[in-house]
Amino acid sequence: MSAMIRKGIRIFGAFLFGLYIAGLIYVLFFAESYGRGAEGIVYDYNICPFREIRRYVTYWRVLGIRTVILNLAGNVIGFIPFGALLPLMARSVRRWWKVTLLGLEISALIEVSQLIFKVGCFDVDDMILNTLGAFLGYLIFFAASRCYRRVEQNHRENKAVR
């Protein structure tokens, strides 16, 4: 039964991961509410680490709390599912550093795509925040897998006692 549950969890995780990737692509490249596809926007980029993060933190009153949260927390939260679901599906990436490195690589791919296609803005700070989100997602996966193992072990012990 345990192997069947694990397989079901893996399949459900793959389904959620597919939905997540589709949603991420939409938000990053097509959602007009985030400035994608709008006419007349001047393209910009940032290659100086922590410049935009510092600007958002320093001028949050001027920029508005909604803008600051959307940018800073949104970039972190946007990659939490990546870090939580990827190791659920693939045993080969069940180490924190692998998930974090893949988060950085995917984030770099997204940012370079935005640079090439001039959709959104290339921002090294987004890569930093996305990578942090992937790491936090891994921590969620790690904690959940520990809890699952404890529950499974308790179930086996209770079954052996009977």
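Residues numbered from 1 in each chain as written. Predicted model: local features only at pLDDT ≥ 70, side-chain atom pairs only at ≥ 80, totals over all residues. Heavy atoms only, no water.

Novice: For this particular structure, what's the right way to read the confidence of the model for the protein?
Specialist: Detailed conclusions should not be drawn from predicted coordinates in areas where pLDDT is low. For the protein, the average pLDDT comes to 89, and 93% of its residues sit at 70 or higher. Here strand β1 (residues 45-46) stands out as the least confident element of the protein, with mean pLDDT 88; helix α2 (residues 51-58) is the most confident, with 95. (pLDDT = per-residue confidence, 0-100. Helix = DSSP H or I, 4+ residues; strand = E, 2+ residues; numbered from the N terminus.)

Novice: Looking at this structure, how should I read the packing of helix α5 (residues 80-89) against helix α6 (residues 96-117)?
Specialist: The relative placement of two packed helices is expressed as an angle between their axes plus a distance between the axes. Interhelical geometry of α5 versus α6 gives an angle of 125 degrees and a closest axis separation of 10 Å. Relative to α6, the element α5 lies oblique. In terms of crossing hand, the pair formed by α5 and α6 is right-handed. Two secondary-structure elements touch here, α5 through F82, G83, L86 and P87 and α6 through V99, L102, G103 and I106. Counted by class, the contact of α5 with α6 contains six nonpolar, two polar and no charged residues. (Axes fitted to C-alpha atoms, helices over the stretch in contact; angles between N-to-C directions. Parallel < 35°, antiparallel > 145°, perpendicular 65-115°, else oblique. Left-handed = near helix turned anticlockwise from the far one by under 90°. Contact = heavy atoms within 4.5 Å. Nonpolar A, V, L, I, M, F, W, Y, C, P; charged D, E, K, R; others polar.)

Novice: Help me out: how do you make sense of the nonpolar core in this one?
Specialist: One broad trend across soluble globular proteins is that nonpolar side chains are buried collectively. By size, the foremost hydrophobic cluster in this structure holds 13 residues, and its most contacted members are F17, Y20, L24, F79, F82 and I110. Looking at this core, the elements with two or more residues in it are α1 (2-29) and α5. A per-element tally of this core places α1 first, with five residues. Among residues more than four places away in sequence, those in contact with F17 are F82, L85, L86 and M89. (Core = buried A, V, L, I, M, F, W, Y, C linked by side-chain atoms within 4.5 Å. Buried < 20%, exposed > 50% of the residue type's maximum accessible area, 1.4 Å probe, protein only.)

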